[in-house]
Structures are given as structure tokens and as C-alpha cells.
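Structure assessment
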Amino acid sequence: GNSVTQMEGPVTLSEEAFLTINCTYTATGYPSLFWYVQYPGEGLQLLLKATKADDKGSNKGFEATYRKETTSFHLEKGSVQVSDSAVYFCALPYISSGSARQLTFGSGTQLTVLP
Amino acid sequence: NAGVTQTPKFQVLKTGQSMTLQCAQDMNHNSMYWYRQDPGMGLRLIYYSASEGTTDKGEVPNGYNVSRLNKREFSLRLESAAPSQTSVYFCASSAKTGSEAFFGQGTRLTVV
């Protein structure tokens, strides 16, 4: 079935550093791919998504490209800020029973940005 | 913009006690979900409701029951709480199963 493997954390960077968080997937077909972010004490929020192969999702300076050749959806940001400190989750749909699809999440990557 | 609202935000239970976690969404979504989040385990699906009137087990349903009361509300019940159910519980909703999900703020439950 569909699954994601996410880069282990934690990741600690200095402000204005370049960020990459790796995510690779196994999937039947080309499902939508998602990145979610969880700030301390809050629920998950959708950060960006890509709905088909070669699409690039972007939001708040973050980008991720849906690459079918390498089955990857790596999250990048050119210059991180302290306010980007959070846990980041990669996710994609999978079929759990019958035709019902759910989201399966990676294990999460904790990012800490130091001033 | 309320989105997904969960109550309570915090709860401490004694082993064997029961409680119901409430969830409501105001986005007219068809599908709703309950997840638990534990350190090192990521998010695990407990139960979901693909549409009003249906519920199905997820990855870790044992010890829980759910009710899809109407299109807006989806509750999670612990009949006899156990320390292993200490966790952060998230409710989520989506327009349809497998599409982007919107999450509530979470309920931090401690069972002593």
C-alpha cells in the first residue's frame, strides 16, 4: 500500500540557513502529496500540496516538487526563520478498506531554528 | 473561522473511568477522523467516518468507540480508560476521504 518515509530528526539550523527535509513515497498511481506543519501546542496545518507529478507546491517560502522519477517530495526553504520552528509531516492518501482513502503521515521531523 | 473544534483541551482520568471527546466542524465536510499522536509514533488513525451515517476502524481502534452524530459532529468515547491511552488526540475533517484534512487543536489526555 501507499506509504511515506520521512527524514529523521531533529534538525537544528541557524536563522537564514537553507532547509531540506526529505520525504520519499511508495504509491500506486500518482496520488496527491502533502506537507503539514505542527507548531508547539497546536494541531496540524496544511503547509502545501501537489496534486500531480511534476507539480510544485509552495507556501510561506516553502516549496516541494512532486518527482515521480525519484518518488520524492522534499520540503525546501531558502532562508529559515525562528518562527519556522515546528514539526513537519509528509503525507499521502492510501486505500484502507474498499474504496475509502485515508491520509498516512510520516513520522515527523522536528525543526529548531536558532537566532 | 472556527474550522474544527475539539473539547476538552485537557483532561486527566483515572484508570477505568470513561469519557467522550467531542469534535465539530463547520466546513460542511463529509469525512471526519480521530487520530492519536504519541512521541516517536507519529499520527495513528483510530476511527474515521467517510460520510454521515458511516464509521470504520482505523489502525488502532481497540479501546475506543465513535459516533457520527450528524454531518458536523464526530465523537470519540473511551469506555474504560487505560494508561496506554495517555496521548494527544486530534480530530480532523476533509471534503472527502483522502483529500486534504483540517485539524483541531487537540485534546491532551492523561490516564493515571
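For the structure, check the block above.
Here we summarise the structure given alongside this text.

What follows concerns the interface of chain A and chain B. Listed as interface residues are 20 residues of chain A and, on the opposing side, 17 residues of chain B. Here chain A and chain B share an interface that buries about 1500 Å² over both sides, 51% of which is from carbon and sulfur atoms. Viewed at the interface, chain B and chain A are joined by 1 salt bridge. Here B:Glu100 and A:Lys49 are joined by a salt bridge, their closest N and O atoms 2.4 Å apart. Across the contact surface, chain A and chain B share 3 residue pairs in polar contact (both at pLDDT 80 or more). By residue class, the composition of the side of chain A that touches chain B is 10 nonpolar, 7 polar and 3 charged.

What follows covers the pattern of salt bridges. All chains considered together, the criterion is met by 7 salt bridges over all chains. As a salt-bridge pair, A:Lys52 and A:Asp55 come within 3.4 Å of each other at their nearest N and O atoms. With a closest N to O distance of 3.6 Å, A:Glu63 and A:Lys56 form a salt bridge. A:Glu63 sits in the partly exposed class, given a relative accessible area of 34%. What you see here is one network of salt bridges that share partners, running through B:Arg36, B:Asp38 and B:Arg44.

Moving on, we get to the sheet that holds strand 1 (residues 4-7) of chain B. Residues and elements named next belong to chain B. One open sheet holds the 4 strands; their spatial order is 1-3-8-7, and the pairing between them is antiparallel. Looking at strand neighbours, the two that pair on one side only are strand 1 and strand 7 (64-68), the edges of this open sheet. Mean inter-strand twist for the sheet, computed between neighbouring axes without regard to direction, equals 15 degrees.

The tally for this structure, following the rule as stated, stands at 13 aromatic pairs over all chains. Here A:Phe34 and A:Tyr36 contribute two aromatic rings whose centre-to-centre distance is 6.2 Å and whose plane-to-plane angle is 50 degrees, an arrangement assigned as tilted. The two residues A:Phe34 and A:Tyr36 agree in class, both being buried. On the basis of an interplanar angle of 35 degrees and a centroid distance of 6.2 Å, the ring pair of B:Tyr33 and B:Tyr35 is categorised as tilted.

Further remarks concern the sheet that holds strand 3 (residues 19-21) of chain A. All names here are of chain A. In space, the 4 strands of this open sheet follow the order 3-9-8-7, with antiparallel pairing throughout. The open sheet has two free edges, formed respectively by strand 3 and strand 7 (56-59), since each of these has just one partner strand. Between one strand and the next, the sheet's axes are offset by a mean angle of 20 degrees, whatever the strand orientation. Examined bridge by bridge, strand 8 (residues 62-65) and strand 9 (residues 75-77) share 3 bridges and lie antiparallel to one another. Bridged to Phe 62 within strand 9 is Lys 77.

Calculation notes
- Residues numbered from 1 in each chain as written.
- Chains lettered and ligands numbered in written order.
- Predicted model: local features only at pLDDT ≥ 70, side-chain atom pairs only at ≥ 80, totals over all residues.
- Heavy atoms only, no water.
- Contact = heavy atoms within 4.5 Å.
- Buried area = accessible area lost by both parts, 1.4 Å probe.
- Salt bridge = Lys/Arg side-chain N within 4 Å of Asp/Glu carboxyl O.
- Polar contact = N/O pair within 3.5 Å; in protein donor to acceptor, adjacent residues only side chain to side chain.
- Nonpolar A, V, L, I, M, F, W, Y, C, P; charged D, E, K, R; others polar.
- Buried < 20%, exposed > 50% of the residue type's maximum accessible area, 1.4 Å probe, protein only.
- Pairing = 2+ DSSP bridges.
- Helix = DSSP H or I, 4+ residues; strand = E, 2+ residues; numbered from the N terminus.
- Axes fitted to C-alpha atoms, helices over the stretch in contact; angles between N-to-C directions.
- Phe/Tyr/Trp six-rings, centres within 6.5 Å; stacked < 30°, edge-to-face > 60°.

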